[in-house]
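# Survey of secondary and tertiary structure
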Amino acid sequence: MIISIGPEEISQAVASLRNGQLIGLPTETVYGLAADATHDEAVASIFEVKGRPQFNPLIIHGHSVESLAEYAELDERARLLAEKFWPGPLTLVLPRKPDSNLSLLVSAGLDTVAVRIPQHPVALKLLQAYGKPLAAPSANLSGQVSPTRAQHVDDAFGDQLGCVLDGGSCTVGLESTIVDLTTEKAVLLRPGGVPNEELEVLLGKIHNYKGTEIRSPGMLKSHYAPGLPVRLNAQNAGPGEALLGFGDVKNATLNLSVSGDLVEAAANLFTMLRQLDHPQHSGIAITPIPHHGLGLAINDRIYRAAC
Ligand code: AMP
Ligand code: MG
């Protein structure tokens with residue numbers, strides 16, 4: 001359902017987010033599929049609804065530098081860029097604060113996090129009203145074109161969303177520029193709404209990312225992988241192994257979802273891998289997980305962990 005914006009509609013969107021639902025959110029870049037970034041299951045359902053075959057990290061949207069500073073470490077460069085370009089189409093990849101209550105799935109288990117303040121008045125109003133940060137990738141099915149009008153979002157997802165806030169046509173219509181500030185050299189991960197030259201005025205030379213990650217974000221080399229060996233399609237734990245189960249599994253050390261719910265399993269995946277990645281075990285054995293829906297992304301991730 002598309003709704004135009006007044007205080008009641010903002011309250012409706014806030015209520016949807018509190019219930020763990022997704023909403024269609026206008027930003028100046030493209031429409032986003034927004035979820036509470038601290039709510040593991042809501043974040044998992046972003047991947048499910050988009051049909052993403054991989055868990056690539058999502059951008060966290062906040063309404064102020066202070067609110068984002070609860071989750072990310074902003075150094076001097078980040079604060080300089082924030083002052084000049086936020087709110088606006090610039091995303092900064094920063095070290096993630098270890099004690100934050102952000103979902104682990106939101107940054108795909110990495111110890112970095114991508115953050116930005118959007119400029120669209122509706123996005124800012126909602127972020128202020130909600131108070132918590134929102135994860136919001138583009139509101140299109142995986143592999144399809146990004147949406148720049150509320151109708152595009154409703155056409156793609158309709159009833160699967162709490163609501164779609166109508167903020168008109170996106171003024172930038174391009175994704176945000178992404179700059180990685182987690183190393184001494186700033187690196188451009190994705191060109192977008194803020195031209196590189198404007199960033200270089202403040203930062204000096206920005207290096208282009210040389211790799212395959214931009215075309216295929218899920219291939220990020222620094223994905224979280226457990227330190228222990230991981231064994232897939234296990235039926236039982238071997239000697240010393242922890243058993244990570246899915247569905248009706250006897251003797252699982254932890255179970256991703258006893259009822260066999262893939263959204264619940266995705267929401268638990270990184271947290272449980274971290275819990276089991278402990279020297280008291282010799283390895284982590286994982287029982288089979290179906291290869292459909294979110295199971296594709298879960299299998300993709302555990303397969304990488306096992307390699
Ligand atoms: P989108 O899904 O279109 O919003 O794009 C999000 C982009 O941000 C993807 O290209 C991600 O790989 C990138 N991204 C998000 N978080 C991180 C991170 N922690 N490190 C590197 N890239 C990130
Ligand atoms: Mg996208």
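In every chain, residue numbers begin from 1 and rise along the written sequence. Chains and ligands are labelled sequentially in the order written, the chains with letters from A and the ligands with numbers from 1. At least 70 in pLDDT is required for a residue's local features to be given in this predicted model, at least 80 for side-chain atom pairs to be given and counted, and no such filter applies to totals for whole chains, interfaces and linings, which use all residues. Note that water and hydrogens are dropped before the side-chain values are worked out from all heavy atoms of the structure.

## Examining the pattern of salt bridges
As a reminder of what qualifies: Salt-bridge detection follows one rule: a side-chain nitrogen of Lys or Arg within 4 Å of a carboxyl oxygen of Asp or Glu. The way it works is that DSSP assigns letters per residue, a run of H or I at least four long becomes a helix, a run of E at least two long becomes a strand, and they are numbered from the N terminus. Working definition: with a 1.4 Å probe on protein chains only, accessible area under 20% of the residue-type maximum means buried, over 50% means exposed, and in between means partly exposed.
Evaluated as defined, the whole model comprises 5 salt bridges. One salt bridge connects Lys132 with Asp36, and the closest N-O pair in it is separated by 3.0 Å. One end of the pair, Lys132, is in the loop between helix H5 (121-130) and strand E7 (134-135); the other, Asp36, is in strand E3 (residues 32-36), with 96 residues separating them in the sequence. By relative accessible area, Lys132 is classed as partly exposed at 36%. The partner of Arg77 in a salt bridge is Asp75, with the nearest N and O atoms 3.0 Å apart. Given a relative accessible area of 30%, Asp75 falls into the partly exposed group.

## Considerations on empty space enclosed by the protein
Note the following rule: Each cavity reported here is a set of points on a 1 Å grid over the protein atoms alone in which a 1.4 Å probe fits but cannot get out, each pocket an open set with protein on both sides within 12 Å along at least five of seven lines, and each lining residue one with an atom within 4 Å of a point. Grid points are joined across faces, edges and corners, and a volume is the space filled by probe spheres set on the points. Amino acids are sorted into nonpolar (Ala, Val, Leu, Ile, Met, Phe, Trp, Tyr, Cys and Pro), charged (Asp, Glu, Lys and Arg) and polar (every other residue, Gly among them).
All chains considered together, the criterion is met by 1 cavity of 30 Å³ or more. The volume enclosed by the largest cavity comes to roughly 30 Å³. Lining the largest cavity are His61, Gly62, His63, Ser67, Tyr71, Gly131, Lys132 and Pro133. Residue composition of the lining of the largest cavity, by class: 2 nonpolar, 5 polar and 1 charged.

## Details of the environment of Arg79
Our working rule: Should any heavy atoms of two residues lie within 4.5 Å, those residues are considered in contact.
By secondary structure assignment, the location of Arg79 is in helix H4 (residues 76-85). The exposure class of Arg79 is partly exposed, given its relative accessible area of 42%. Distance in space between the C-alpha atoms of Arg79 and Asn251 is 50 Å, their sequence separation being 172 residues. Setting aside residues up to four positions removed in sequence, Arg79 forms contacts with Val65, Ala69 and Leu74.

## Focus on the pairing of strand E6 (residues 112-116)
Which entries qualify depends on this criterion: Here, any two strands with at least 2 DSSP bridges between them count as paired.
When you tally the buried positions in E6, you get 5 out of 5 residues, the bulk of the element. Going residue by residue along E6, you find Thr112, Ala114 and Arg116 tucked away on one face and Val113 and Val115 tucked away on the opposite face as well. Judged from the 3 bridges that link them, strand E4 (residues 59-61) and E6 form a sheet pairing that is parallel. In the sheet register, Ile59 faces E6, and the bridge partner there is Ala114.

## A short note on the site of ligand 1
Just so we agree on the cut-off: Residues are counted as near a molecule or strand when any one of their heavy atoms sits within 4 Å of it. Distance and chemistry together define a polar contact, namely a pair of N or O atoms within 3.5 Å, with one atom able to donate a hydrogen and the other to accept it when in protein, and with adjacent residues in sequence counting only for side-chain atoms on both sides. Note on areas: Shrake-Rupley with a 1.4 Å probe; residue coverage comes only from the protein chains shown.
In the vicinity of ligand 1, 14 residues are found, and the nearest of them are Arg52, Thr112, Ala114, Ile178 and Arg190. Contact distances for ligand 1 include 3.2 Å between an oxygen atom and a side-chain N or O atom of Arg190. Protein chains shield 90% of the accessible area of ligand 1, which is 500 Å² for the free molecule. When contributions to the shell around ligand 1 are tallied by element, the ones reaching two or more residues are E6 and strand E10 (187-190). Per-element accounting of the shell around ligand 1 gives the leading share, 3 residues, to E6.

## So, helix H2 (residues 40-50)
For H2, a buried count of 8 out of 11 residues is recorded, marking the element as mostly surrounded by other parts of the structure. Those residues of H2 that sit buried are Ala42, Val43, Ala44, Ser45, Ile46, Phe47, Val49 and Lys50. Just beyond H2, the residue with positive phi is Gly51, at close to 70°.

## Here's the deal with the sheet that holds strand E15 (residues 283-286)
The strands that make up a sheet pair up through hydrogen bonds in the backbone, lying either parallel or antiparallel. Ordered in space as E12-E15-E13-E14, the 4 strands form an open sheet in which the pairing is parallel. In the strand order of this sheet, the two ends are held by strand E12 (230-231) and strand E14 (254-255), each with one partner. For strand E13 (residues 241-245) and E15, the ladder comprises 4 bridges, and the chain directions are parallel. When the sheet's bridge partners are listed, Ala242 is paired in E15 with Ile284.

## Things to note about the pairing of strand E5 (residues 90-95)
Burial analysis of E5 places 5 of its 6 residues in the buried class, the great majority of the element. The pairing of E5 with strand E9 (residues 177-180) spans 4 bridges and is parallel. Paired with Leu90 across the two strands is Thr177, which belongs to E9. Relative to E6, E5 is paired through 4 bridges, and the arrangement is antiparallel. When the sheet's bridge partners are listed, Leu92 is paired in E6 with Val115.

## With respect to unusual backbone geometry
Of the consecutive residues Trp86 and Pro87, the connecting peptide bond is found in the cis state with omega at -5°. Summarising the element assignment, Pro87 is placed in the loop between H4 and E5. At Ala108, a residue that is not glycine, the phi angle is positive and equals roughly 50°. Owing to a relative accessible area of 0%, Ala108 belongs among the buried residues under this scheme.

## Observations regarding the packing of helix H8 (residues 262-276) against helix H9 (residues 295-306)
What counts is decided by this rule: Helix axes are fitted only over the stretch in contact, all axes being lines through C-alpha atoms; the angle between N-to-C directions runs from 0 to 180 degrees. Orientation labels follow simple angle bins: below 35 degrees gives roughly parallel, above 145 gives roughly antiparallel, 65 to 115 gives roughly perpendicular, and whatever is left gives oblique. Two helices crossing with the near one rotated counterclockwise from the far one by less than a right angle form a left-handed crossing, whereas a clockwise rotation gives a right-handed crossing.
Relative orientation of the contacting elements H8 and H9 amounts to 25°, with a least axis distance of 9 Å. One way to sum up the angle between H8 and H9 is to call them roughly parallel. Considering only the axes of H8 and H9, their crossing is left-handed. When H8 is examined against H9, the residues Leu262, Ala265, Ala266, Leu269 and Phe270 are found in contact with a partner set consisting of Gly295, Ile298, Arg301 and Ile302. In terms of residue class, the contact of H8 with H9 is made up of 7 nonpolar, 1 polar and 1 charged.

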